[in-house]
Amino acid sequence: MSRVDREATARRIMERTPPRVPPDLSADAVRLGDRLLRRRTLARRVAWLLLCAATVAFTVWALTARPWVEPPSETTPPLTGW
């Protein structure tokens, strides 16, 4: 296809009338956008709630189990009565 043919095709495409848009397209788009925004907000709140619950659970576990303390040695019994 030569340059002249491409230009003629492009002109024909641009001279056409644009397709008709359904009149309720805007309302549908707004409704869909609102629903997506509500879902995203709910998902964000649930994620924060889970993060806070995991933080609290880890803190309670760490305070009760105290993993940073070295466990007592169980290999040799203490010498008493010497």
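What counts as what
- Residues numbered from 1 in each chain as written.
- Predicted model: local features only at pLDDT ≥ 70, side-chain atom pairs only at ≥ 80, totals over all residues.
- Heavy atoms only, no water.
- Phe/Tyr/Trp six-rings, centres within 6.5 Å; stacked < 30°, edge-to-face > 60°.
- Helix = DSSP H or I, 4+ residues; strand = E, 2+ residues; numbered from the N terminus.
- Buried < 20%, exposed > 50% of the residue type's maximum accessible area, 1.4 Å probe, protein only.
- Salt bridge = Lys/Arg side-chain N within 4 Å of Asp/Glu carboxyl O.

(A) Examining the packing of aromatic side chains more closely. Using the criterion set out here, one finds one aromatic pair in the structure. Considering the side-chain rings of F58 and W61, the 5.7 Å spacing of their centres and the 40° angle between planes classify their relative orientation as tilted. Here W61 and F58 lie together in helix α2 (residues 25–65), a separation of three residues that amounts to about one turn. For F58, a relative accessible area of 54% corresponds to the exposed category.

(B) Region of interest: the pattern of salt bridges. Evaluation of the coordinates by the stated rule reveals two salt bridges. Ionic pairing is found between E7 and R3, a salt bridge with its closest N-O pair at 3.1 Å. Of this pair, E7 and R3 both sit in helix α1 (residues 3–15), four residues apart, which is roughly one turn of the helix. With a shortest N-O distance of 2.3 Å, R31 and D28 are connected by a salt bridge. Of this pair, R31 and D28 both sit in helix α2, three residues apart, roughly one helical turn.

Read these as spatial facts, not as claims about activity.
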